[in-house]
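# Fold and geometry: a report
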Amino acid sequence: MTAALRGLYAITDTPLLAGGKLLPYAEAALVGGARLLQYRDKSGDAVRRFDEAQALAELCLRHGATLIINDDLELAARLGVGLHLGQTDGSLAAARARLGADVVIGGTCHAQLELAERAAAEGASYIAFGRFFNSNTKPGAPAATVELLDEARARFAQPIVAIGGVTLGTAPGLIARGASMVAVIHALFAADSALEVEDRARAFAALFD
């Protein structure tokens with residue numbers, strides 16, 4: 001599974017993709033080459049979240065990508081898809097036990113190698129570091145450095161995800177220093193059309209060729 005964990009990691013954002021944009025924009029990202037798609041919705045509308053996640057799972061299946069649910073083990077288990085956990089989102093080891101050995105599970109490690117050590121020991125499929133640049137989604141998150149990527153690449157076998165304000169201009173430097181994937185929200189989805197999202201996804205995906 002880790003062989004597939006390289007390339008563009010698209011992350012949805014509910015306010016950014018409001019007004020019927022979620023599914024067409026997500027599909028455009030997948031057509032453009034996104035390998036992972038994370039459904040990130042912090043609302044309490046469980047019915048809508050299930051319906052949207054199920055629709056995204058079908059899109060990912062159609063395009064050969066992997067759906068990741070942010071911070072909702074029950075929803076991930078219900079759909080049989082991947083999961084991403086932050087530091088306050090529950091036990092990664094428990095999630096691994098619940099979802100099985102083959103499901104992709106990622107962990108947020110902020111800018112700390114110690115957190116990555118723990119995530120790796122608990123069965124993380126990938127370890128995510130960030131934010132590397134100013135982020136619209138998490139403006140107050142602690143900053144990570146490219147030197148951290150050097151250390152992580154030397155220490156861990158797991159694929160490394162770089163997140164936080166990543167753009168087409170800054171992604172190449174992160175990839176060169178060891179990022180297996182770049183996780184992108186605004187630089188991908190803050191677009192005027194689905195076609196623009198597809199073009200941006202292709203540009204990000206091409207950085208990994």
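In this report, we go over the structure that sits alongside the text. (Residues numbered from 1 in each chain as written. Predicted model: local features only at pLDDT ≥ 70, side-chain atom pairs only at ≥ 80, totals over all residues. Heavy atoms only, no water.)

### Some words on the sheet that holds strand E7 (residues 160-163)
Put simply, the rule is: Criterion used throughout: strands pair if DSSP finds at least two bridges between them. The secondary structure listing takes helices from DSSP runs of H or I that are at least 4 residues long and strands from runs of E that are at least 2 residues long, numbered from the N terminus. Throughout, an axis means a line fitted to C-alpha atoms (over the contacting stretch in the case of helices), and angles, computed between N-to-C directions, take values from 0 to 180 degrees. Should any heavy atoms of two residues lie within 4.5 Å, those residues are considered in contact.
Pairing within the closed barrel is parallel, and its eight strands lie in the order E1-E2-E3-E4-E5-E6-E7-E8. Each strand axis lies, on average, 25° off the axis of its neighbour in the sheet, ignoring direction. As paired strands, strand E3 (residues 66-70) and strand E4 (residues 82-85) are joined by three bridges and run parallel to one another. In the sheet register, isoleucine 68 faces E4, and the bridge partner there is glycine 82. Sitting on the sheet, helix H4 (residues 92-99) touches E4 and strand E5 (105-108), and the angle it makes with E5 is about 170°.

### Things to note about the pairing of strand E6 (residues 126-130)
Here is the rule: Remark: exposure states derive from per-residue accessible area (1.4 Å probe, protein chains only) relative to the maximum for the residue type, with buried under 20%, exposed over 50%, and partly exposed in between. Handedness of a crossover is defined as follows: orient the strands so they point away from the viewer, and if the path from the first strand over the helix to the second runs clockwise, the crossover is right-handed.
Of all five residues that make up E6, five are buried, and the element is covered over most of its length. The side-chain alternation of E6 yields two buried faces, one formed by Tyr126, Ala128 and Gly130 and the other by Ile127 and Phe129. Read from E5 through helix H5 (residues 113-121) to E6, the crossover connection turns out right-handed. Inspection of the sheet shows E6 paired to E7 by four bridges, in the parallel sense. The residue of E7 that forms the bridge with phenylalanine 129 is alanine 162.

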